[in-house]
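Close look at the chain arrangement
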Amino acid sequence: MIGVNLSGLRSTRPHEYAIRFVFGGSATVLAGFLAYKFGAGIGGLFLAFPAIFPASATLVSAHERERKHRVGLHGTERGRSAAAIDATGAALGSMGLLAFAFVVWRMLPGHNPWLVIGSATIVWIVVAFAFWKLRQLRHIAIRAWRRR
Amino acid sequence: MTEWILRFLIGGIVVSLFAVIGDVLRPKSFAGLFSAAPSVALATVGLAIHKEGRPYAAHEAACMMIGAVSFCVYAAAASCLLRRARTSAHVAALSLLPVWLAVALGVWALAGRP
């Protein structure tokens, strides 16, 4: 079940927000610099650079570990497992990223740029969600098959 | 200089925004989708269209597809490493960045360096 838990915002410290801001800003500058220096081909590759993942996986792992420590448990393994789940989600999300790029590539030359970017963003979330849902359904089917 | 500062600020804001969305969503596997959000692309495509024109930005997007395939390999490798080896999350995420680069450049070269 998909839900929103705002306590995730409170557990992120100011310096962790700053790290993500700097990492994201730097990745964007790097993509622009490489496009300027080596052309649109190399610059384009870096539009799919993992700018959020390293920081988010580290934070997910650290927060899960701290949560377990607070109740007197050793949370290292749990933290690692949470980061692995985050990474699986990122791998599924990358299919949405691929769809985003495809829409921009095919539609941009002949359509309004803002319409293209908006449509590509919707396609990204729909495709990413579809892959995530398929994986959920596959898990449910495997569990049901094992119970039989 | 102003353009680079603008890029940095827009990139930082967009990436932070997606990261915050990922922070509040549950379950974690769903929140993970936002780790692969097109944050750098959203921050860059508008600037590329404004400065270089639509064909240039479309060319960048075509090559971004190669980067996305490489991202999939990178994230799947990170997931495997975290599950099977006793590696910490930041070591796994950072040590595999060269894998992302190698796959991206390798596929780009095989595709004839578009």
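Residue indices begin from 1 for each chain and proceed along its sequence in written order. Chain labels run from A onward and ligand labels from 1 onward, assigned in the order the entries are written. Selection of residues for local features in this predicted model requires a pLDDT of at least 70, selection of side-chain atom pairs for listing and counting requires 80 or more, and totals for whole chains, interfaces and linings are taken over all residues.

1. Things to note about the interface of chain A and chain B
Facing 71 residues of chain A, the contacting portion of chain B comprises 72 residues. Counting from the N terminus, the helices are the DSSP runs of H or I reaching at least four residues and the strands are the DSSP runs of E reaching at least two. Of all the elements in the fold, those that place two or more residues in the side of chain A that touches chain B are strand 1 (3-4), helix 1 (7-10), helix 2 (14-38), helix 3 (40-45), helix 4 (53-70), helix 5 (76-107) and helix 6 (113-147) of chain A. For the side of chain A that touches chain B, the element with the most residues is helix 5 of chain A, which contributes 23 residues. Residues are grouped as follows: Ala, Val, Leu, Ile, Met, Phe, Trp, Tyr, Cys and Pro are nonpolar; Asp, Glu, Lys and Arg are charged; every other residue, Gly included, is polar. Of the residues contributing to the side of chain A that touches chain B, the split by class is 49 nonpolar, 19 polar and three charged. DSSP bridges decide pairing: two strands pair if at least two such bridges lie between them. In this sheet, strand 1 (residues 25-26) of chain B lies alongside strand 1 of chain A in antiparallel orientation, the contact comprising two bridges. Residue pairing in the sheet places valine 4 of chain A in a bridge with leucine 25 of chain B of strand 1 of chain B. Note on contacts: each residue gets a C-beta atom placed from the backbone, and two residues are in contact if those atoms are within 7 Å.

2. Some details on the packing of helix 5 of chain A against helix 4 (residues 54-84) of chain B
The angle between two axes is taken between their N-to-C directions and runs from 0 to 180 degrees, where each axis is a line fitted to C-alpha atoms and a helix contributes only its stretch in contact. Interhelical geometry of helix 5 of chain A versus helix 4 of chain B gives an angle of 165 degrees and a closest axis separation of 8 Å. Viewed along their axes, helix 5 of chain A and helix 4 of chain B adopt a mutual orientation that is roughly antiparallel. Read as a crossing pair, helix 5 of chain A and helix 4 of chain B show a hand that is left-handed. In the contact of helix 5 of chain A with helix 4 of chain B, the residues fall into 25 nonpolar, three polar and two charged. Small angles under 35 degrees read as roughly parallel and large ones over 145 as roughly antiparallel, with 65 to 115 read as roughly perpendicular and the rest as oblique. In a left-handed crossing the near helix is turned counterclockwise from the far helix by less than a right angle, and in a right-handed crossing that turn is clockwise.

3. So, the environment of arginine 26 of chain B
For arginine 26 of chain B, the position within the fold is in strand 1. When near neighbours in sequence (up to four residues on either side) are disregarded, arginine 26 of chain B contacts Gly3 and Asn5 of chain A together with Ala31 of chain B.

Honestly, that's just the spatial picture; any functional story needs more than this.
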